[in-house]
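Close look at the chain arrangement
Letter by letter, the chains look like this.
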Amino acid sequence: MMPRRSYDQYCSVARALDSVGDRWTLLIVRELLAGARRYTDLHADLPGVSTDMLAGRLKDMERDGLAARRRLDPPAAAFVYELTDRGRALLPVLTALADWGAPELGALRPTDAVRAHWFAVPLMPRLARYFADRRAENGPVRVVEVRLDEGTFHVTLGEEAAAQGRVTDAYGYADGPAPAPDAVLELDTAACAEVIYDRLSLAQGVGTGRIRVTARGEPAGVTAAPAGTATG
């Protein structure tokens, strides 16, 4: 295993970048925030990464205590990678980066790959705010299924943990539909991009029909927020 390269600066930002500053590392973290993944599944959801690069980054992440490799119990007997507690603690970092990068999305480029679950990280806090504001109307919502043109994923929202500032315990997501979601969100990719850029609030999207919300099997309509506000 190659020794870690370092900026050799006595600075917490530099130390952090020693571990996560290489290309692909934070995108691997994004994928593993959804749970344990096999190498082949990671490679499939990281278009553009070479097999050698992915293998090298995973080894670096193991060395730095961000990820661990383990064998599944029989009959699977396959190896998976998963984040350690230190790796999961990067969720607020990715959330901040997603918010910072949202203005760069613009229109989908012909060369852009897209996966539905790539929208999960920036969407989770917005979903948490939206359903917290409507708790009296919808009851507590913990599991939300999100359906986009490109596929479906679901998120878990921990209201109490979020209120206490425990971000890594407050949010989680996984690819695919939820077994028993408390709510289902249906929207297209363009609307989702506008939501995470805060050009469109979830309330506005529901009120104008661009977003459809079903809570426990019943349509959950809301009055659109005034134009120019994007609070949930």
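The preceding data block contains the structure.
All figures in this text were calculated on a predicted structure; none of them were measured in a lab. (Residues numbered from 1 in each chain as written. Predicted model: local features only at pLDDT ≥ 70, side-chain atom pairs only at ≥ 80, totals over all residues. Heavy atoms only, no water.)

Another point: the packing of helix H2 (residues 25–32) against helix H4 (residues 51–63). Relative to each other, H2 and H4 sit at 80 degrees, their axes nearing to 10 Å. The angle between H2 and H4 falls in the class roughly perpendicular. Within the contact between the two elements, H2 uses Thr25, Ile28, Val29 and Leu32 and H4 uses Leu54, Arg57, Leu58 and Met61. Each residue belonging to the contact of H2 with H4 can be placed in one class, and the counts come to six nonpolar, one polar and one charged. (Axes fitted to C-alpha atoms, helices over the stretch in contact; angles between N-to-C directions. Helix = DSSP H or I, 4+ residues; strand = E, 2+ residues; numbered from the N terminus. Parallel < 35°, antiparallel > 145°, perpendicular 65-115°, else oblique. Contact = heavy atoms within 4.5 Å. Nonpolar A, V, L, I, M, F, W, Y, C, P; charged D, E, K, R; others polar.)

Moving on: the packing of aromatic side chains. In total, this model carries one aromatic pair according to the counting rule given. On the numbers, 5.0 Å between centres and 85 degrees between planes, the contact of tyrosine 130 with phenylalanine 131 is edge-to-face. In this pair, the class of tyrosine 130 matches that of phenylalanine 131, namely buried. The aromatic ring of phenylalanine 79 is capped on one face by arginine 69, whose charged end is 3.7 Å from the ring centroid. (Phe/Tyr/Trp six-rings, centres within 6.5 Å; stacked < 30°, edge-to-face > 60°. Buried < 20%, exposed > 50% of the residue type's maximum accessible area, 1.4 Å probe, protein only. Lys NZ or Arg CZ within 6 Å of the ring centre and 35° of its normal.)

Moving on, we get to the pattern of salt bridges. The tally for this structure, following the rule as stated, stands at 16 salt bridges. One salt bridge connects arginine 63 with aspartate 60, and the closest N-O pair in it is separated by 3.5 Å. With arginine 63 and aspartate 60 both in helix H4, this residue pair falls three residues apart, about one helical turn. The class for aspartate 60 is buried, based on a relative accessible area of 17%. In this structure, arginine 210 engages glutamate 194 in a salt bridge whose closest nitrogen and oxygen atoms are separated by 3.2 Å. Remark: glutamate 194 occurs in helix H11 (residues 189–196) and arginine 210 occurs in the loop between helix H12 (202–207) and strand S8 (212–215); sequence separation between them is 16 residues. Salt bridges here are not isolated pairs; linked through shared partners, they connect Arg30, Glu31, Arg37, Asp45 and Arg115. (Salt bridge = Lys/Arg side-chain N within 4 Å of Asp/Glu carboxyl O.)

By themselves, these figures tell us nothing about what the structure is for.
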